[in-house]
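One letter stands for each residue in the lines below.
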Amino acid sequence: MTGVEEFENLRPLLFAIAYRILGSVTEAEDAVQETWVRYETSGVEPDSARAFLSTVVTRVSINMLESARARRERYMGEWLPEPILEEPYDDPARSAELRESISTAVLVLLERLSPLERAVFVLREAFGFGFSEIAEIVDRSEAACRQLAVRARRHVDQGSARFDTDPQAHEQLTARFLTAFQDGDVDALRDLLAADVQLVADSGGKAPAIRKVVVGGEKVMRLLASFVSPMGQLGMSLELREINRLPGLIVRDADGAIVQVMTFDVAGGKIGAVRVMINPDKLAHLGPVADVRVLAQKLRDLQRP
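Here the structure is a predicted model, which means the values were calculated and not measured. (Residues numbered from 1 in each chain as written. Predicted model: local features only at pLDDT ≥ 70, side-chain atom pairs only at ≥ 80, totals over all residues. Heavy atoms only, no water.)

Draft legend 1. Summary view of the overall build of the chain. When helices and strands are counted, the chain shows 13 helices and 6 strands. The C-alpha atoms of the chain give 21 Å as radius of gyration, which agrees with the globular expectation for 305 residues (19 Å, within 12%). Taken along the three principal axes of its C-alpha coordinates, the chain extends 70 × 35 × 35 Å. Counting across all 305 residues of the chain, residues that qualify as buried make up 50%. Put simply, 66% of the contacts in the chain that link residues at least 6 apart link residues at least 24 apart. Here the chain has roughly 14,300 Å² of accessible surface; of this, 49% comes from carbon and sulfur atoms. (Helix = DSSP H or I, 4+ residues; strand = E, 2+ residues; numbered from the N terminus. Rg over C-alpha atoms; globule rule 2.2 N^0.38 Å. Buried < 20%, exposed > 50% of the residue type's maximum accessible area, 1.4 Å probe, protein only. Contact = heavy atoms within 4.5 Å. Areas by Shrake-Rupley, 256 points an atom, 1.4 Å probe, with all protein chains shown as cover.)

Shown next as structure tokens:
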């Protein structure tokens, strides 16, 4: 097998590692491309292409995340990870771990970790790398990697009480949310939301959106209900799709272009968080994106006496 063939066979794994470390599709693709450049120009014929390339993509991703963190601190409004509809990598033996580690809820929690903690957590928890392998990848001792893993797991566990990643629970609640939203059923929406539910929107300042986190069942319900009529007037539709390996919703305009993507944190039979991605830069990899400002103007024209 040629080096190119080996790399292409491993590309899905490399992307999966990079995306979980970076929380960005575009940055993960850049990390994978940089990994290929280094592999091609290294002149090395490794005993294990998987081990070599996993090491390179992890180190590249750590470096990218260190510089990205400063940009995210200056980000306008709330920052959310870029959604992904289909992930090319799969491992039936670790399907639950892969699903949890790519869920929007966990990716948000991973933003609290240092780049090194995040890399160790991803390699260990999602992909099952041994600590001896991880130590070589991140150039730390096994003992240090174990400590990093413990700290990372503690941070994630502290937040995971607010959500679970059971796909059946997500599917049931998301389908009920879709029906209630389409019907404009305020009472049904209220029943689906936890008392302390949060609504978080990420527009990056590039689309009209709520910039602050909205907290509380009644407030979130009223905000969601206020969108029902405008969506109908503009001919928008909601599509139930798997997003980050869990059920979510895509909102499309009358022409089928993506307006926004919605994901949910589910716990105890209720929706604990609604996360709305509306930043067009973070949706472009999914397909044609609607111009939300144009839609807003159309709505104002329709509502004008």
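Draft legend 2. Expanded view of the pattern of salt bridges. For the structure shown, the criterion picks out 20 salt bridges. One salt bridge in this structure joins Glu 125 and Arg 153, with 3.0 Å as the shortest N-O distance. One end of the pair, Glu 125, is in helix α6 (residues 115-126); the other, Arg 153, is in helix α8 (residues 142-160), with 28 residues separating them in the sequence. Judged by its relative accessible area of 25%, Glu 125 is partly exposed. Among the residues examined, Arg 153 registers a relative accessible area of 21% and is labelled partly exposed. Members of the salt-bridge network, linked through shared partners, are Glu 27, Arg 71, Arg 72, Glu 111 and Arg 118. (Salt bridge = Lys/Arg side-chain N within 4 Å of Asp/Glu carboxyl O.)

Draft legend 3. Quick peek at the packing of helix α1 (residues 3-22) against α6. In contact at an axis separation of 9 Å, α1 and α6 are set at 135° when each is read in the N-to-C sense. Here α6 runs oblique to α1, going by the angle between their axes. When you trace α1 past α6, the crossing you get is right-handed. Residue-level inspection shows Ile 17, Arg 20, Ile 21 and Leu 22 of α1 in contact with α6, the latter providing Arg 118, Ala 119, Val 122, Leu 123 and Ala 126. (Axes fitted to C-alpha atoms, helices over the stretch in contact; angles between N-to-C directions. Parallel < 35°, antiparallel > 145°, perpendicular 65-115°, else oblique. Left-handed = near helix turned anticlockwise from the far one by under 90°.)

Draft legend 4. Structural view of the UniProt feature "domain: RNA polymerase sigma-70 region" (unreviewed entry) in the chain. Look at the UniProt record and you will see "domain: RNA polymerase sigma-70 region" (unreviewed entry) annotated at residues 7-69. Taken end to end, residues 7-69 comprises 87% helix and 0% strand; its first and last C-alpha atoms sit 29 Å apart. (UniProt positions renumbered as here; feature names shortened; annotations may be inferred.)

Draft legend 5. Focus on α6. Helix length check: α6, at 12 residues, gives a terminal C-alpha distance of 16 Å against a target of 16 Å (1.5 Å per residue), a fit within 8%. Along α6, 10 of the 12 residues are buried, which leaves the element largely enclosed by surrounding structure. Those residues of α6 that fall on the buried side of the exposure criterion are Pro 115, Leu 116, Glu 117, Arg 118, Ala 119, Val 120, Phe 121, Val 122, Leu 123 and Ala 126. Of the surrounding secondary structure, the elements contacted by the buried residues of α6 are α1, α3 (49-73), α4 (95-102), α5 (104-110), α7 (131-138) and α8. Gly 128 occupies a position one or two residues after α6 and carries a positive phi of about 70°. (Expected span 1.5 Å × (residues − 1).)

Draft legend 6. Layout of the sheet that holds strand β3 (residues 237-243). Read from one edge to the other, the open sheet built from 6 strands follows the order β2-β1-β6-β5-β4-β3, with strand pairing classed as mixed. Both edges of this open sheet fall to β2 (214-215) and β3, since each of them pairs with a single strand only. Of the pairings in the sheet, the one linking strand β1 (residues 193-202) to strand β6 (residues 270-277) comprises 6 bridges and is parallel in character. The residue bridging Ala 201 from the neighbouring strand is Val 276, located in β6. Where helix α9 (residues 167-183) meets the sheet, its contacts fall on β3, β4 (246-252), β5 (258-267) and β6, and the angle it forms with β4 comes to roughly 25°. (Pairing = 2+ DSSP bridges.)

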